[in-house]
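An overview of the molecular structure
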Number of protein chains: 2
Amino acid sequence: MAEDAPRRQPTLDEVTELAGVSRSVASRAINNAPHVSRAKREAVERAVRQLGYVPNPTARALATRQTGAAALVVSGEDPSIFADPFFAQVIVGASAALEEADLHLMLCLAASDRSRKRVEGLVRSKGADGVMLMALREDDPLARMAEEAEIPVVFGGRPVGTVPRWYVDVDNVGGAREATEYLVSRGRTRVAAICGRLDTEAGRARYRGYRDAMLAAGLGPFPPQEGDFTEPSGAAAMAALLVNHPDVDGVFAANDNMGAGALRALREAGRLVPADVAVVGFDDLAVAQIADPPLTTVHQPLTAFGREMARMLVALISGQDPSPLILPTHLVTRASA
Amino acid sequence: MAEDAPRRQPTLDEVTELAGVSRSVASRAINNAPHVSRAKREAVERAVRQLGYVPNPTARALATRQTGAAALVVSGEDPSIFADPFFAQVIVGASAALEEADLHLMLCLAASDRSRKRVEGLVRSKGADGVMLMALREDDPLARMAEEAEIPVVFGGRPVGTVPRWYVDVDNVGGAREATEYLVSRGRTRVAAICGRLDTEAGRARYRGYRDAMLAAGLGPFPPQEGDFTEPSGAAAMAALLVNHPDVDGVFAANDNMGAGALRALREAGRLVPADVAVVGFDDLAVAQIADPPLTTVHQPLTAFGREMARMLVALISGQDPSPLILPTHLVTRASA
DNA sequence: AGCGCTATTGGGAGCGCTCCCAGTGGGAGC
DNA sequence: GCTCCCACTGGGAGCGCTCCCAATAGCGCT
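Computed from a predicted model, the values in this text were never measured in an experiment.

1. A word on helix H6 (residues 113–124) of chain A
The end-to-end C-alpha distance of H6 of chain A, which contains twelve residues, comes to 16 Å, matching closely the 16 Å that a straight helix rising 1.5 Å per residue would cover. Taken residue by residue, H6 of chain A has Ser 115, Arg 116, Arg 118, Val 119, Leu 122 and Val 123 of chain A as its buried positions. Around the axis of H6 of chain A, the buried residues are gathered within 155° of arc, so they sit on the same side. Exposed and facing more than 90 degrees away from the buried side of H6 of chain A are Asp 113 and Lys 117 of chain A. Buried positions along H6 of chain A lie against strand S1 (69–75), strand S2 (104–110), strand S3 (130–134) and helix H7 (141–148) of chain A together with helix H5 (85–100) and strand S2 (104–110) of chain B. Just past H6 of chain A, the residue Lys 126 of chain A takes up positive phi, approximately 55°.

Below you can see the structure in the form of structure tokens.
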């Protein structure tokens, strides 16, 4: 903070005066819009440089009715959900795409009533030009807000129950099916599923893909062994599975965290992976590579996920009507299966 | 998006008219400022409800010269740095603290020239009320920007070379010393350091702590075996260490990622942990618990880090002059040492 | 020289809200 | 009964920028 110059920021009018042009011309020159003669344009540029003028984004926002920002809201019961590296990757992609459109990223962790209220206020007051909504659960209060929003809303992952007009998602069913088919193709016949929260569409879809593959292979699908996408829950689910189905020889975990947990539970139970039990995860996050043995998993393009979400939002903001998008997944085979 | 009502958002003037009061009174009532009679206040509230009025934050920002947002900028050469779960935790804390001050969080990933330019523009144009700056490297272009900023800037972690006026940091030296002392106390005498990037203050400070502890114990510190805070770099560093110092019996890794990498390299080299080589990490992220064996590590309070950074910024914004803060670390012992 | 066009130009009205300030009115104090 | 004080009120001037629009200036042609 350079306190030595407590003078106000220069304004357009000062540029105007120094450059000897009207405000309109100065404005046009600065936004390099047409209808400005070469001479005046240069005069303005010179004045801008001399004054160190920077346009005031707030004033611009008020006049144009565009804030120049897009919000990414991550729903959840508590903030720890955000600790999942999943979001970091998505953010990297979204951030890059927003940058191309010269939009700023506002991040909202909607994990309490208070924060949800703030998000609602943000949307109702049009404090952002658009919103990306992620990790909605069943009956999520943000869903209603999204419906009533008068600014563009893009969903990241479909919410449970409804199919929004605009969303980006990955092929959860296909990925889960591929994972399960792989397990079956390796000769596993008693393949269980450690599924994610069934109040999320991802959790349900992945179980559905598993079940479809099992049925298609003529095998009996296990009932869902529910976890909550965390490592401990995966370990607990695996432990339960070993008690109830000691002969299980394959496991499809609905994400890598739970896959890692399953690996740990198997290790603690003295089962060898993949010899005794083969494990496949979902996500292909760093943990899959670090796990021991490295986890075979369904890769989903998370950066692209974020990027496409942001691009879709930008398209909406600029008045287009993009189509929903479902990103492909593919299996990455490692030692665990 | 409810397109059925394309009418403009109601404005204060409409509330004013409906409630039969002046704009000043309406404004005061809405911001519940004093000097409004009970009757008028209620009339305004009624009108607000009836109209579904929501104040326009942009207009308010223009009038008050406060944007209602704070930026968190993460520097780095490429965006992948943000994939480190470290940031997610910090963000959770910062987000919560900003929420208390009713500020929104703008997230800026300054990993390209373009994005750095945007951050600079944001700061120069006062597009945010304050900035939190993280992960600066040596000669980071953002450092100069920070000096010239006319809005409050709080550093998360000290930059290399200078000590900023306001910052939050963890006790890197103390943590590294404690980790090393622990290794020594367990009878290890040939303790190496896999250090982080030495163009970051954290990387340097942690090596310094290690070296101090070694010298204090009368042992010879190893020269820095530099990594870049990623898992593969930790594995590579460990592999190099095994070649140059086959008799190493302890390793202090400057973060958990590299610690996990070291673990992997040791496993691949057939060394037992902790029997042959004991390993200690730094951060206490999820990976430390998932690692095999679980990693003894230096815990740093990341959520508090974010929270305190945000609080310090809020204090600055409200005209106070808070003191820099150094957060304590403590060792968490697990199986790896 | 007169005419129709097009490229520029500058004036000025907002955008929606805050806040300074000059009233207003009534009750307390004398 | 008459000041004085103070809790309210409402008018109006910004905050800094965009953009519509009328006005002006060239300019090539007939």
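2. Some points on the relation of the copies chain A and chain B
When chain A is fitted to chain B, the best match, at an RMSD of 0.1 Å, comes from turning it 180° and sliding it 0.1 Å along the axis. In symmetry terms, the pair is related by a two-fold rotation axis. Closest approach to the rotation axis among the C-alpha atoms of chain A is made by Met 106 of chain A, whose C-alpha sits 2.1 Å away. When the interface residues of chain A are mapped onto chain B, 100% of them are again interface residues, pointing to one common binding face.

3. Brief notes about the sheet that holds strand S8 (residues 250–253) of chain B
Residues and elements named next belong to chain B. Spatial ordering of the open sheet is given by S7-S6-S8-S9-S10-S12, a layout of six strands whose pairing is mixed. One side of each edge strand has no neighbouring strand; the edge strands of this open sheet are strand S7 (225–226) and strand S12 (330–332). Where strand S10 (residues 296–299) and S12 come together, three bridges link them in antiparallel fashion. Paired with Val 298 across the strands is Leu 331, a residue of S12. Docked against the sheet, helix H8 (residues 172–185) engages strand S6 (191–195), S8, strand S9 (278–283), S10 and S12, running at close to 165° with respect to S9. Packing of helix H9 (residues 201–216) onto the sheet brings it into contact with S6, S8 and S9, and relative to S6 it is tilted by some 170°.

4. Re the protein's contact with DNA strand C
Taken together, 27 residues lie around DNA strand C, and Ser 24 of chain A together with Leu 12, Arg 23, Ser 27 and Tyr 53 of chain B are the ones closest in. Counted by atom, the contact set of DNA strand C within 4 Å of the protein is 61% sugar and phosphate. One of the side-chain N or O atoms of Arg 28 of chain A is found 2.9 Å from a base oxygen in DNA strand C. Ser 24 of chain B has a polar side-chain atom sitting 3.4 Å from a base nitrogen of DNA strand C. Of the residues assigned to the surface near DNA strand C, the class counts are ten nonpolar, ten polar and seven charged.

5. As for the domain arrangement of chain A
Partitioning chain A into domains gives domain 1 (12–55), domain 2 (69–170 + 303–327) and domain 3 (172–299). Placing the centre of domain 1 of chain A and that of domain 2 of chain A at their C-alpha centroids yields a distance of 37 Å.

6. Quick notes on the packing of aromatic side chains
All told, the structure shown has ten aromatic pairs over all chains when counted by the stated rule. Measuring from ring centre to ring centre gives 5.4 Å for Tyr 207 of chain B and Tyr 210 of chain B, while their planes differ by 40°; the resulting arrangement is tilted. Taken together, the residues span about one helical turn, with Tyr 207 of chain B and Tyr 210 of chain B both in helix H9 at a distance of three residues. With respect to burial, Tyr 207 of chain B and Tyr 210 of chain B carry one shared label: buried. Ring pairs connect the aromatic residues Phe 82, Phe 86, Phe 87 and Phe 305 of chain A, which therefore count as one cluster. Across from the ring centre of Phe 282 of chain A, 3.8 Å away, lies the NZ or CZ of Arg 206 of chain A, which sits over that ring.

7. Things to note about the environment of Asp 84 of chain A
Following the sequence through the fold, Asp 84 of chain A ends up in the loop between S1 and helix H5 (85–100). C-alpha of Asp 84 of chain A to C-alpha of Gln 300 of chain A: the two residues are 216 residues apart in sequence and 15 Å apart in space.

8. Here we look at the side chain of Asn 255 of chain A
Inspection of the secondary structure assignment puts Asn 255 of chain A in the loop between strand S8 (250–253) and helix H11 (256–268). When near neighbours in sequence (up to four residues on either side) are disregarded, Asn 255 of chain A contacts Asp 84, Arg 206, Phe 229, Gly 281, Phe 282 and Asp 283 of chain A.

9. Quick word on the interface of chain A and chain B
Interfaces are often described in size by the accessible area the parts lose on coming together. In this complex, chain A contributes 53 residues to the contact, which on the side of chain B involves 53 residues. When the two sides are added together, the surface that chain A and chain B hide from each other amounts to roughly 4,900 Å², 59% of it contributed by carbon and sulfur. Where Asp 102 of chain A meets Arg 118 of chain B, a salt bridge forms, and the shortest distance between an N and an O atom there is 3.1 Å. Summed over the shared surface of chain A and chain B, the number is 14 residue pairs in polar contact (both at pLDDT 80 or more).

10. Looking at the protein's contact with DNA strand D
Lining the immediate surroundings of DNA strand D are 27 residues, of which Leu 12, Arg 23 and Tyr 53 of chain A together with Ser 24 and Ser 37 of chain B lie closest. Per the 4 Å cut-off to the protein, sugar and phosphate atoms form 64% of the nearby atoms of DNA strand D. Elements supplying a minimum of two residues to the surface near DNA strand D: helix H2 (23–30) and helix H4 (57–64) of chain A together with helix H2 (23–30) and helix H4 (57–64) of chain B. Its residues assigned to classes, the surface near DNA strand D comprises ten nonpolar, ten polar and seven charged.

11. Digging into the packing of H4 of chain A against H4 of chain B
The description of two packed helices rests on the angle between their axes and on the distance between the axes. Closest axis-to-axis distance for the H4 of chain A/H4 of chain B pair is 9 Å, and the angle between their directions is 140°. The pairing of H4 of chain A with H4 of chain B is recorded here as oblique in orientation. Helix-helix and strand crossings are classified by hand; for H4 of chain A and H4 of chain B the assignment is left-handed. Mapping the contact onto sequence places Thr 58, Ala 59, Ala 61 and Leu 62 of chain A in H4 of chain A and Thr 58, Ala 59, Ala 61 and Leu 62 of chain B in H4 of chain B. Residue classes in the contact of H4 of chain A with H4 of chain B are distributed as six nonpolar, two polar and no charged.

12. Points about the pattern of salt bridges
Any two side chains of opposite charge can pair, so long as their charged atoms come close to each other. This model, assessed by the stated rule, comprises 46 salt bridges over all chains. The partner of Arg 197 of chain A in a salt bridge is Asp 199 of chain A, with the nearest N and O atoms 2.6 Å apart. Given a relative accessible area of 19%, Asp 199 of chain A falls into the buried group. In this structure, Arg 211 of chain B engages Asp 212 of chain B in a salt bridge whose closest nitrogen and oxygen atoms are separated by 3.6 Å. When salt bridges with common partners are traced through the structure, they connect Glu 77, Arg 197 and Asp 199 of chain A into a single cluster.

13. Topic: the state of the cysteines
Applying the stated rule across the entire model yields zero disulfides over all chains. For Cys 108 of chain A, which is in no disulfide, the shortest distance to another cysteine sulfur is to Cys 108 of chain B and amounts to 14 Å.

14. Side note on the nonpolar core
Counting residues in hydrophobic clusters, the biggest one holds 70 residues, and the most contacted among them are Phe 82 of chain A together with Phe 82 of chain B. Apart from the residues within four sequence positions on either side, Phe 82 of chain B is in contact with Ala 88, Ile 91 and Val 92 of chain A together with Val 74, Phe 87, Ile 91, Leu 107 and Leu 109 of chain B. Core analysis: the next-biggest nonpolar cluster, separate from the first, contains 42 residues, Leu 183, Leu 263, Ala 278 and Leu 295 of chain B among them.

15. Section: the sheet that holds S8 of chain A
All names here are of chain A. Across the sheet, which stays open at both edges, the six strands sit in the order S7-S6-S8-S9-S10-S12 with mixed pairing between neighbours. Of all strands in the sheet, those with a lone pairing partner are strand S7 (225–226) and strand S12 (330–332), marking the two edges. In terms of strand pairing, strand S6 (residues 191–195) meets S7 through two bridges, oriented parallel. Opposite Ile 194, over in S7, you have Gln 225 as the bridge partner. Those strands touched by helix H8 (residues 172–185) are S6, S8, strand S9 (278–283), strand S10 (296–299) and S12, and its axis lies near 165° from that of S9. Where helix H9 (residues 201–216) meets the sheet, it contacts S6, S8 and S9, and its direction lies at approximately 170° from that of S6.

Calculation rules
Residues numbered from 1 in each chain as written. Chains lettered and ligands numbered in written order. Predicted model: local features only at pLDDT ≥ 70, side-chain atom pairs only at ≥ 80, totals over all residues. Heavy atoms only, no water. Helix = DSSP H or I, 4+ residues; strand = E, 2+ residues; numbered from the N terminus. Expected span 1.5 Å × (residues − 1). Buried < 20%, exposed > 50% of the residue type's maximum accessible area, 1.4 Å probe, protein only. Arc of directions from axis to C-beta. Contact = heavy atoms within 4.5 Å. Least-squares fit on C-alpha atoms with pLDDT ≥ 70 in both. Pairing = 2+ DSSP bridges. Axes fitted to C-alpha atoms, helices over the stretch in contact; angles between N-to-C directions. Near = heavy atom within 4 Å. Polar contact = N/O pair within 3.5 Å; in protein donor to acceptor, adjacent residues only side chain to side chain. Nonpolar A, V, L, I, M, F, W, Y, C, P; charged D, E, K, R; others polar. Domains from an automatic or database assignment. Phe/Tyr/Trp six-rings, centres within 6.5 Å; stacked < 30°, edge-to-face > 60°. Lys NZ or Arg CZ within 6 Å of the ring centre and 35° of its normal. Buried area = accessible area lost by both parts, 1.4 Å probe. Salt bridge = Lys/Arg side-chain N within 4 Å of Asp/Glu carboxyl O. Parallel < 35°, antiparallel > 145°, perpendicular 65-115°, else oblique. Left-handed = near helix turned anticlockwise from the far one by under 90°. Disulfide = S-S within 2.5 Å. Core = buried A, V, L, I, M, F, W, Y, C linked by side-chain atoms within 4.5 Å.

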